[in-house]
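For reference, the chains in residue letters:
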Amino acid sequence: MDLGIEGKKAIVCAASKGLGKACAMSLAKNGVDLVINSRTASELEATAAEIRAATGRTVTAVAGDITTAEGRAKVLAACPAPDILVNNAGGPPRGDFREWDEAAWMKAVNGNMITPIMLIKSVVDGMIARKFGRIVNITSGSVKSPIPELGMSNGARAGLTGFVGGLARQVARHNVTINGLLPGPFLTDRLRSGRVEAARKAGLPVDEYIAEFFKGNPAGRAGDPFEFGEACAFLCAASSGFIVGQNLLLDGGSFNSTMG
Ligand code: NAP
């Protein structure tokens, strides 16, 4: 399927690893030139080299913390007029809400709500003027089905989803779309690191423990980040302009519902 986005420019945030990297790779395979970002410069450069080698596209690595104004300014300086923006950042920690003070909440809301909103604000009017824009927010399945111990993630990401639900409907007539991609369990470093202790208790290597654990998912497994990246590229296709303000859950069917 030709997605019709060859030669477009994308910013993909938090993309040295995991879901962000998978989105970057799938976009580049479809002919998109990239500015990718994450904090650890060495890992980011290695990912940029890997995507360049695999796709032949231009991939510019901009190291920095995307949750800071300075980090965002560096990324936007490298790509002031993106056609595509993929918002992503690390997620808030697990815990009991009684342990979270105001500063912890501010950090979570800044990283998973304010940061994507600030980036959208910086690029959306240019997209409107150019009559093409695709914005994908990587959020979480917790937006639909809250995970009690991830209360800050549930709250901050639901806030983002609510805000963009309205904005998406204000910009759609200019061929600018904003949609959410909601990961269930995907085999990334984040998922692995969260299972290390449980695997140790079960006396199993982490990947074996994860394989066993996710046999209960209707798909019988955890997701492959490649599958996530491909869904992102699809939402960014030229022909996806009528997909507006949607939240696509990729969880192997574990959210049990007849519709939606
Ligand atoms: P991952 O494998 O740990 O990768 C995270 C990426 O984000 C890395 O490239 C990391 O690089 C970068 N990053 C983190 N904080 C950043 C910051 N402040 N500024 C710039 N880059 C930053 O994580 P993942 O599994 O792909 O998860 C991505 C997002 O999806 C997270 O918000 C996570 O909570 C959410 N999610 C994931 C799953 C899943 O199953 N994997 C499920 C639900 C939700 P540096 O550390 O070098 O910056």
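Preceding this section is the structure that the text describes.
Participant: I'm lost on helix 4 (residues 102–130) in this one. Help?
Facilitator: In an α-helix, one full turn covers 3.6 residues, which means residues spaced three or four apart are oriented alike. With 29 residues, helix 4 extends 40 Å between its outermost C-alpha atoms, agreeing within 8% with the 42 Å of an ideal straight helix rising 1.5 Å per residue. A maximum bend of about 45° is found in helix 4 at Asn 110. Taken residue by residue, helix 4 has Ala 108, Gly 111, Asn 112, Thr 115, Pro 116, Ile 117, Leu 119, Ile 120, Val 123, Val 124, Met 127 and Ile 128 as its buried positions. Directly after helix 4, the chain includes Lys 131, whose backbone phi takes a positive value near 65°.

Participant: Would you explain the site of the ligand in this entry?
Facilitator: Taken together, 29 residues lie near the ligand, and Ser 16, Arg 39, Thr 40, Ala 89 and Thr 188 sit nearest. For the ligand, a nitrogen atom lies 3.3 Å from a polar atom in the backbone of Gly 90. Contacts to the ligand include Arg 157, whose side-chain N or O atom sits 2.8 Å from an oxygen atom. Coverage of the ligand by the protein chains reaches 90% of its 880 Å² of free accessible surface. Elements represented by at least two residues in the shell around the ligand include exactly helix 1 (18–29), strand 2 (33–38) and helix 6 (189–202). By residue number, the principal contributor to the shell around the ligand is helix 6, which donates 3 residues.

Participant: I keep staring at the packing of aromatic side chains and nothing clicks. Help me out?
Facilitator: Within a pair of aromatic rings, the relevant descriptors are the distance that separates the centres and the angle that separates the planes. In the structure shown here, the tally under the stated rule is 4 aromatic pairs. Where Phe 213 meets Phe 214, the ring centres are 4.9 Å apart and the plane angle is 75°; that geometry is what we call edge-to-face. Exposure remark for Phe 213: the relative accessible area of 43% places this residue in the partly exposed category. We classify Phe 214 as buried; its relative accessible area is 7%. Each member of the aromatic cluster is reached from another via a ring pair, and the members are Tyr 209, Phe 213 and Phe 214. In this structure, Lys 8 packs its charged tip against the face of Phe 132, placed 4.1 Å from the ring centre.

Participant: I would appreciate a short explanation of the environment of Gly 155 in the present structure.
Facilitator: Note on placement: Gly 155 falls in helix 5 (residues 151–171). Judged by its relative accessible area of 36%, Gly 155 falls in the partly exposed class. Measuring from C-alpha to C-alpha, the distance between Gly 155 and Phe 213 comes to 26 Å, with 58 residues separating the pair along the chain.

Reading the values: the criteria
Residues numbered from 1 in each chain as written. Predicted model: local features only at pLDDT ≥ 70, side-chain atom pairs only at ≥ 80, totals over all residues. Heavy atoms only, no water. Helix = DSSP H or I, 4+ residues; strand = E, 2+ residues; numbered from the N terminus. Expected span 1.5 Å × (residues − 1). Bend = angle between axes of the 7 residues up to and from the residue. Buried < 20%, exposed > 50% of the residue type's maximum accessible area, 1.4 Å probe, protein only. Near = heavy atom within 4 Å. Polar contact = N/O pair within 3.5 Å; in protein donor to acceptor, adjacent residues only side chain to side chain. Areas by Shrake-Rupley, 256 points an atom, 1.4 Å probe, with all protein chains shown as cover. Phe/Tyr/Trp six-rings, centres within 6.5 Å; stacked < 30°, edge-to-face > 60°. Lys NZ or Arg CZ within 6 Å of the ring centre and 35° of its normal.

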